[in-house]
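Analysis of the macromolecular model
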Amino acid sequence: KPELACPSRITIRAAIASLDPFRVKLSRDGMDAARRAYAPVGEGIDVERPMQRVEMDEQKIDLISLMADCGLLQMLTNEDKKAFGLDNEKARWWMTVALCVRTRCIVGMNLSREPNTQSALRTAEMSMRDKGVWADAVGALDPWDQSGMIGTLVTDCGKNFVSHDFRVRMHDLGVKVLHTPAAAPWLKPYIERVFRTFSTRLMPRLSGCTFGDIVRRGSSDPEAKAALTADQLCAVLIRWVVDIYHNTPHEGLNGQTPRNCWLELTEKYGVTPPPSLPRRRLIFGQKVSRVLHKDGITVLGVRYHSKQLAEHLIHSPETEMEVRWYPEDIGAIWVKIGDRWWPVNTVHKGFHGTSAQQWLIARRQLRIQFAREAEVKATTVQKA
C-alpha cells in the first residue's frame, strides 16, 4: 500500500484550533472546569442595599494552631481538654463566614473544630448583631457594627446549610435562603473571593500557615512552626477584618473601602432592624428537654420559674417540657406549654446579660473553691 502522507505541524495545529472549545476543555479538564470557563453570564448579581444579599460559606483555613488556652486548663478535666481541643494537639480550624454582598463587609465569622449546623446558625445570628463586644475584646481601633436583618441568604448545598434545623429557623426568622448547585462556585463568587483574600493576604503572615498547597508551601514545615493559641487566632482574625480588610480600598467597590461603603449606604437606605433578644432566644435557642418540678426548670444549674409553669404543674400531668435555651444570654428561657411558647425568667436575679460561657467558668471556679461543700449559696453564685 502507498505510504500515508504525513501532515505538517501547521496543518495539525489548524485542525486542533478548529475544534469546539467547550468540548476540548471538557475532554481535558472535566465538566466542572468547562462549565466555569464557558457558562454564559446574564445580568449578574444586582443589589442596592446593605444586607439585601448575604453569602455564607465554610472552609478549613490554611493555618495550624496550638489549641491550648492556659487560663482554662486548670478548670477542665482531661476529657474536657480533649473535647475542646485544649490538649496541646495541633490541628486546623474550620471558619464559617457571612459576607454582605453590596458593601463587601464581613458581618459574621465563627471558628469551629468541625463545621455543623450550630456553627452555621451562630454565624447567621452574629451577622444580625452588633459585634462591638468582640472588637473591643481584642483592642480593635474601629467598631464592628455592621449588622441588620438578612434579606436573602445564599449558601451552597453543604449538609449544615441544607439541614432541616437550619432551614426551619431561617424560615421562622423570615429569611429567604437560596442554595446554589454543587460545583458552581461562581453563583456565590463574593464569599469565594473573601476566602481567597484570607489565604493570600493574612495567612502567609502567620506562623503555621499551610499555604493551601504543597507547591506554595515548598520546604516550610507548618506543623513545627504552629505557635498561635485559639484566643490568639481569634484576635488576629478580628483585628485583620475590622481594622485592615474593612479599611482597604476594594476593587469591586471602585476603590471605596467596605466600611465607607457601609456608612454611605446605611445613611441612604438604612437597614432592617435585627430581631429582638426575646425573638433571638426563641429562634436561635438550643432545643433541650427538661422535667418540670415544683421548684421550676433547671438548665446548667440555673433555676427558671413562672406563674404559667406553676399552673401547668397543678393542672397537667405532663412534666416533660420542651425548652429553648439561648447560650448568649441565660437570663431567660422559652418553654412550650401546650401549643404556646412562654418566656420564663431566672429565679435569682443577676443572670440577664450573662452568657453560658461566663456562667460555666464561674461555676467551675466555685466547684474548685467549695469542693467539700454540698451546696453553693445563692449569694456566692451572684458574686461569682
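Residues numbered from 1 in each chain as written. Predicted model: local features only at pLDDT ≥ 70, side-chain atom pairs only at ≥ 80, totals over all residues. Heavy atoms only, no water.

When helices and strands are tallied, the chain shows 17 helices and 11 strands. When the 384 residues of the chain are sorted by exposure, 40% land in the buried category. Taking as baseline every contact in the chain between residues at least 6 positions apart, the subset at least 24 positions apart corresponds to 67%. When the accessible area of the chain is evaluated, it comes to approximately 21,800 Å², of which 52% is carbon and sulfur surface. (Helix = DSSP H or I, 4+ residues; strand = E, 2+ residues; numbered from the N terminus. Buried < 20%, exposed > 50% of the residue type's maximum accessible area, 1.4 Å probe, protein only. Contact = heavy atoms within 4.5 Å. Areas by Shrake-Rupley, 256 points an atom, 1.4 Å probe, with all protein chains shown as cover.)

Helix length check: helix H9 (residues 189–202), at 14 residues, gives a terminal C-alpha distance of 19 Å against a target of 20 Å (1.5 Å per residue), a fit within 8%. Taken together, the buried positions of H9 are Ile191, Val194, Phe195, Thr197, Phe198, Ser199 and Leu202. (Expected span 1.5 Å × (residues − 1).)

The next point concerns the sheet that holds strand S6 (residues 286–291). Strand order in the open sheet formed by four strands is S6-S9-S10-S11, with antiparallel pairing between adjacent strands. The two strands at the open ends of the sheet, each matched to only one other strand, are S6 and strand S11 (340–345). Looking at each pair of strands side by side, their axes are set apart by 35 degrees on average, direction ignored. For S6 and strand S9 (residues 320–325), the ladder comprises six bridges, and the chain directions are antiparallel. Across the sheet, residue serine 289 finds its bridge partner in S9, namely glutamate 322. (Pairing = 2+ DSSP bridges. Axes fitted to C-alpha atoms, helices over the stretch in contact; angles between N-to-C directions.)

Next up on the list: the nonpolar core. Membership of the largest hydrophobic core comes to 27 residues, with the highest contact counts inside it found for Met95, Ile106, Met109, Trp144, Phe198 and Leu237. Elements with a contribution of two residues or more to this core: strand S2 (90–100), strand S3 (106–112), H9 and helix H12 (230–244). Among the elements that line this core, the one with the most residues is H12, at seven residues. With residues near it in sequence (within four places) discarded, methionine 95 still touches Asp57, Glu58, Gln59, Ile61, Met109, Asn110, Leu111, Phe195, Phe198 and Leu237. One finds Ile150, Met170, Val175 and Tyr326 within the second-largest nonpolar core, a separate group that totals 23 residues. (Core = buried A, V, L, I, M, F, W, Y, C linked by side-chain atoms within 4.5 Å.)

This part is about helix H14 (residues 277–284). Of the positions making up H14, those classed as buried are Arg280, Arg281, Ile283 and Phe284. In this fold, the buried residues of H14 make contact with helix H6 (117–126), helix H8 (164–173), S6, S9 and strand S10 (332–337).

All right, on to the side chain of glutamine 146 then. Mapped onto the elements, glutamine 146 comes out in the loop between helix H7 (132–137) and strand S4 (152–155). In contact with glutamine 146, not counting residues within four places along its chain, are Cys105, Val107, Ser127, Arg129, Lys131, His246, Arg259 and Trp262.

A word on the confidence of the model for the chain. Averaged over every residue, the pLDDT of the chain is 83; residues scoring 70 or more account for 82%. Low pLDDT (under 50) marks residues 208–212, which in the prediction has 23 contacts with non-local residues, meaning those over four places away or in another chain. (pLDDT = per-residue confidence, 0-100.)

Two numbers describe how helix H2 (residues 21–29) lies on helix H3 (residues 31–38): the axes approach to 7 Å, and their chain directions differ by 145 degrees. Handedness of the crossing formed by H2 with H3: right-handed. Residues Pro21, Phe22, Lys25, Leu26 and Asp29 of H2 form the contact with H3, whose own contacting residues are Met31, Ala33, Ala34, Arg35, Ala37 and Tyr38. Looking at the contact of H2 with H3 residue by residue, the classes come out as eight nonpolar, no polar and three charged. (Left-handed = near helix turned anticlockwise from the far one by under 90°. Nonpolar A, V, L, I, M, F, W, Y, C, P; charged D, E, K, R; others polar.)

Attention now moves to a nonpolar patch on the surface. Together, Ile12, Ile16 and Leu19 give the surface a local cluster of nonpolar side chains, amounting to about 270 Å² of exposed area. Here leucine 19 shows up in the loop between helix H1 (9–17) and H2. (Patch = residues over 30% accessible without salt bridge, like charges linked within 9 Å, V, L, I, M, F, W, Y side chains within 5 Å. Salt bridge = Lys/Arg side-chain N within 4 Å of Asp/Glu carboxyl O.)

What follows concerns the pairing of S9. The pairing of S9 with S10 spans three bridges and is classified as antiparallel. Among the inter-strand pairings, arginine 324 is bridged to a residue of S10, identified as tryptophan 334. The turn linking S9 back onto S10 is made up of six residues.

It is worth spelling out the packing of H6 against H8 at this point. The geometry of H6 relative to H8 is characterised by a closest axis approach of 9 Å and an angle of 20 degrees between their N-to-C directions. Here H6 is positioned roughly parallel relative to H8, judged by the angle of their axes. For the crossing formed where H6 meets H8, the hand is right-handed. Where H6 approaches H8, its residues Thr117, Gln118, Ala120, Leu121 and Ala124 are matched on the opposing element by Asp165, Phe166, Arg169 and Met170. Taken together, the residues of the contact of H6 with H8 break down into five nonpolar, two polar and two charged. (Parallel < 35°, antiparallel > 145°, perpendicular 65-115°, else oblique.)

Okay, unusual backbone geometry next. If you check the backbone angles, methionine 51 has positive phi at about 65 degrees while not being a glycine. Looking at the element boundaries, methionine 51 is found in the loop between H3 and strand S1 (53–66).

What follows deals with the packing of aromatic side chains. Under the criterion given, the structure shown has five aromatic pairs. With 5.0 Å between their ring centres and 45 degrees between their planes, phenylalanine 198 and tryptophan 240 make a pair best called tilted. With phenylalanine 198 in helix H9 and tryptophan 240 in helix H12, this residue pair connects regions lying 42 residues apart in the sequence. You'll find phenylalanine 198 and tryptophan 240 in the same group, each marked buried. (Phe/Tyr/Trp six-rings, centres within 6.5 Å; stacked < 30°, edge-to-face > 60°.)

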